[in-house]
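# Commentary on secondary and tertiary structure
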Amino acid sequence: MNILLEFFVVTFRVLWAFVLAAAKWLVRPKEKSVAGQVCLITGAGSGLGRLFALEFARRRALLVLWDINTQSNEETAGMVRHIYREMAEEAAAAAPGVAGDGEKDVLPHCNLQVYTYTCDVGKRENVYMTAERVRKEVGEVSVLVNNAGVVSGHHLLECPDELIERTMMVNCHAHFWVTINSFLLPILMLEMNHGHIVTVASSLGLFSTAGVEDYCASKFGAVGFHESLSHELKAAEKDGIKTTLVCPYLVDTGMFRGCRIRKEIEPFLPPLKPEYCVKQAMRAILTDQPMICTPRLMYMVTFMKSILPFEAVVCMYRFLGADKCMYPFIAQRKQATNNNEAKNGI
C-alpha cells in the first residue's frame, strides 16, 4: 500500500510540475538579483562570452573573465568598466553631493570590479592554477558560466587527432575541471548551498548533423555532464544551487560562418543574433530556468528526433537541407587553411 500511495503522490507532483511550467509560459517569473555576486565567465573575450559579461555587468555583478586571448579579454574588461562608470555616474546624478573624489567613487556603491585571467581551459593544470588565483585574489564564485568553445571545421576522416582532442578538452572535459574540481565540490558553493552553474552548450548537443562529429560529440558530452550534475545536486538536496543549460541554434558569431540550410527554409530559420541569444539565456538564468533552447522550435526538433524512426529523421534533414548544412562551412575553413599555408610558404 505504501508504494501505491507514493505512486499517486508522484503522479500528482508530475502533473503539478506541468501546471507550474505552463504558468511560467504565461506569467513571467521575477528575475533574481546578482548584484555584488562574483560571476566567472569562460571564453569571455569574444562572442557570447563577451555579451554575457556585459549583461551581468549591467546587473552589477562582480566579473571574473577567463579567455585564452589576453588582448580580447582585456577589451571585454574595458567594456565592463565603461558600464560600471556609466552606472556610477547615473547614481551620482540621482544623489548629488554624495560622490567624492577618486577612482573608488567612480564605481557603483558595491565597489564593483572586473578581473581578467588568461587561461586555456583545454589544459587541466592551467585551469587549476587559475582557479586557485581567483579564490585568493577575488573570493568564492557564485555564478559560473561555462561558455568557452572551439570547432575544428574538418570532416571526420580529415580531422587530425590533435584537433579532435582539443575540441573534446575545451568543449567537454573543461566543464569537469572548471566546475567540479575548481569551483563546486571542494569549496563553499556546496557548503553554503548557494550558487548558479550555467552550461552554454548547443542545439548540436541535442541532435547532430554531418561534418562536425567531434563538435557534436563534445556538446553531447557537455549536455550529459550538465544534466547528470543537476540530478546529483538534487539527490544531495542542494536545491540552493541552480543550474541552467543553454542550447542555442546556429548563432551568428562567425564560429560557423558559411553554414547553410535549404535556401527556401533559411528565411524562416536564420542564424540567431548573438544579442538575442544572450538576452534569452539571461532571462532563463535569472529566473532559475533549468534549460533554454533558442529558438523555441528547437524543443520540437529535439522531441521529434526522440520519437521518430531514424529514416524519418533523415528525410526531415534532407528536406530542410540540414544533412549537409556544415559542408559549405567546412569548405571555407579548408580554403582559409590552404591560403594561410600558401602565404607562409608551407
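Note: the structure precedes this text.
Residues numbered from 1 in each chain as written. Predicted model: local features only at pLDDT ≥ 70, side-chain atom pairs only at ≥ 80, totals over all residues. Heavy atoms only, no water.

## Some thoughts on unusual backbone geometry
What counts is decided by this rule: Only DSSP runs of H or I reaching four residues or more are called helices, and only runs of E reaching two or more are called strands; each is numbered from the N terminus.
Looking along the chain, the bond that leaves threonine 294 and enters proline 295 is cis, with omega of -10°. In this model, aspartate 288 sits at a positive phi of 60°, which is unusual for a non-glycine residue. Tracing the backbone shows aspartate 288 in the loop between α8 (274–286) and β7 (291–294).

## A short note on the side chain of threonine 244
Rule in force here: Burial classes follow relative accessibility: with a 1.4 Å probe on protein chains only, a residue under 20% of its type's maximum area counts as buried, one over 50% as exposed, and anything between as partly exposed. Within 3.5 Å is the distance limit for a polar contact, defined as a pair of N or O atoms, with the added protein rule that one can donate a hydrogen and the other accept it, and that residues adjacent in sequence qualify only through two side-chain atoms. Any two residues whose heavy atoms approach within 4.5 Å at even a single point are treated as in contact.
With respect to the helices and strands, threonine 244 occurs in strand β6 (residues 241–248). Note on threonine 244: relative accessible area 0%, which makes it buried. A distance of 2.8 Å separates polar atoms of two side chains, one belonging to threonine 244 and the other to histidine 196. With residues up to four places along the chain from it excluded, the contact list for threonine 244 reads His196, Ile197, Val198, Thr199, His226, Ala284, Ile285, Gln289, Pro290 and Ile292.

## Examining the packing of aromatic side chains
Under the convention used in this document: Within 6.5 Å between ring centres, the rings of Phe, Tyr and Trp (the latter by its six-membered ring) count as paired, and their orientation is classed by plane angle as stacked under 30 degrees, edge-to-face over 60, tilted in between.
Tallied over the full model, the rule gives four aromatic pairs. Ring plane angle 65° and centroid distance 5.9 Å describe the contact between phenylalanine 7 and phenylalanine 8, whose orientation is recorded as edge-to-face. One exposure class covers both phenylalanine 7 and phenylalanine 8, and it is exposed. Ring pairing ties together the aromatic residues Tyr215, Phe256 and Phe329, which thus form one cluster.

## A word on a nonpolar patch on the surface
Defined as follows: Patch criteria: residues need more than 30% relative accessible area and no salt bridge. Like-charged residues are merged within 9 Å; nonpolar side chains of Val, Leu, Ile, Met, Phe, Trp and Tyr are merged within 5 Å. Where accessible areas are quoted, they stem from the Shrake-Rupley method and a 1.4 Å probe; at the residue level, only the protein chains shown are allowed to cover. Any Lys or Arg side-chain nitrogen located within 4 Å of an Asp or Glu carboxyl oxygen qualifies as a salt bridge.
On the surface, Ile3, Leu4, Phe7 and Phe8 cluster together to form a nonpolar patch covering roughly 480 Å² of accessible area. Its location among the elements puts phenylalanine 7 in helix α1 (residues 2–26). On the basis of relative accessibility, which here comes to 54%, the residue phenylalanine 7 falls in the exposed class.

## Side note on the pairing of strand β1 (residues 38–42)
To keep things clear, this is the line we draw: One bridge is not enough; two strands pair if DSSP finds at least two bridges between them. With its strands directed away from the observer, a crossover is right-handed exactly when the path from the first strand over the helix to the second travels clockwise.
In terms of residue burial, β1 counts as a mostly covered element, since five of its five residues are buried. Bridging between β1 and strand β2 (residues 62–67) involves five bridges; their strand directions are parallel. Following the sheet pairing, cysteine 39 is matched in β2 by leucine 63. Regarding topology, helix α2 (residues 47–58) serves as the crossover connection from β1 to the parallel β2, and that connection is right-handed.

## Thoughts on the environment of valine 143
The topology assignment puts valine 143 in strand β4 (residues 143–146). Residue classification places valine 143 among the buried positions, given a relative accessible area of 4%. Between the alpha carbons of valine 143 and threonine 243 there is a distance of 9.7 Å; along the sequence they are 100 residues apart. Residue contacts for valine 143: discarding those within four places in its chain leaves Val34, Gln37, Val38, Cys39, Leu40, Phe56 and His196.

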